[in-house]
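Breakdown of the fold
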Amino acid sequence: TRRLLEQLSDDNELGGFARLARQLIAAVALPRTLSEPDELQIGGVSDISNRGNLDQLLLSELAHDDLTLSVRLALNEALYLRRESPPSPVARTRAVLIDMSLPMWGIPRLYAAAMALALHASTDKQTRIDCYRSTVDGVAPSMLTTRAGLTEQLAVLEPTEHPGGALASFVEMMGEESGAAEPVIITTSDVLANESFRQA
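The sections below set out a description of the structure shown in this document. (Residues numbered from 1 in each chain as written. Predicted model: local features only at pLDDT ≥ 70, side-chain atom pairs only at ≥ 80, totals over all residues. Heavy atoms only, no water.)

**Quick notes on the packing of helix 4 (residues 107–122) against helix 5 (residues 147–155)**
Running from N to C, helix 4 and helix 5 point in directions that differ by 145 degrees, and their axes come no closer than 10 Å. The crossing of helix 4 and helix 5 is right-handed. Contact with helix 4, carried on its side by Arg109, Leu110, Ala113 and Leu117, involves Leu150, Gln153, Leu154 and Ala155 of helix 5 and no other residues of that element. Residue classes in the contact of helix 4 with helix 5 are distributed as six nonpolar, one polar and one charged. (Axes fitted to C-alpha atoms, helices over the stretch in contact; angles between N-to-C directions. Helix = DSSP H or I, 4+ residues; strand = E, 2+ residues; numbered from the N terminus. Left-handed = near helix turned anticlockwise from the far one by under 90°. Contact = heavy atoms within 4.5 Å. Nonpolar A, V, L, I, M, F, W, Y, C, P; charged D, E, K, R; others polar.)

Here it is, written out as structure tokens:
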């Protein structure tokens, strides 16, 4: 996505849009994992090894006198507990719904597409991002990683009052991952103030 933004920076038609998306990257502040969890000393023991940290020594090794323990450590004869490896990090999914209803027509539509593009560019490698746009019948996939897909997104208009009718389809698109997914809805404050949308 960042490479696409670089290519569009000199584009006559989408150059301004690419600059807007690049500025919005700095404004995107969604929670994310800063580092992987450390291996904590919890759970079972998977093996006994002759290499490891001193805090993982078998208790029977501490029964030796200091000189014998030092020799066993130097010759790699001391035995250590090896803890179970922590589970591998689960891949996350960030699902983005871009509101295409009447309140989003005009300038808000540009900002919404630019924000979705900024979310693409600022997402870490372990998070998969799926973009959708609201339609009259539900949602449709939105491909923002190519120039053609971006042009199509900017050309679409939906004559609906708000995207409330698309929320059920949006959850269905997330499928089994809906419990662990990070849903994001890009819309305006006018839509958020709409009572029927809030009910939906």
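**Some details on the packing of aromatic side chains**
For the structure on display, the rule yields one aromatic pair. With centroids separated by 6.0 Å and ring planes inclined at 75 degrees, the aromatic side chains of Tyr132 and Phe170 adopt a geometry described as edge-to-face. Separated by 38 residues along the polypeptide, Tyr132 in strand 4 (residues 127–134) and Phe170 in helix 6 (residues 167–174) bring together distant segments of the chain. Judged on exposure class, the residue Tyr132 and its partner Phe170 are both buried. (Phe/Tyr/Trp six-rings, centres within 6.5 Å; stacked < 30°, edge-to-face > 60°. Buried < 20%, exposed > 50% of the residue type's maximum accessible area, 1.4 Å probe, protein only.)

**Overview of the environment of Val45**
Tracing the backbone shows Val45 in strand 1 (residues 45–49). Val45 sits in the partly exposed class, given a relative accessible area of 42%. In this structure the C-alpha to C-alpha distance between Val45 and Arg82, which are 37 residues apart in sequence, comes to 5.8 Å. Residues within four places of Val45 in sequence aside, it is in contact with Leu81, Arg82, Arg83 and Glu84.

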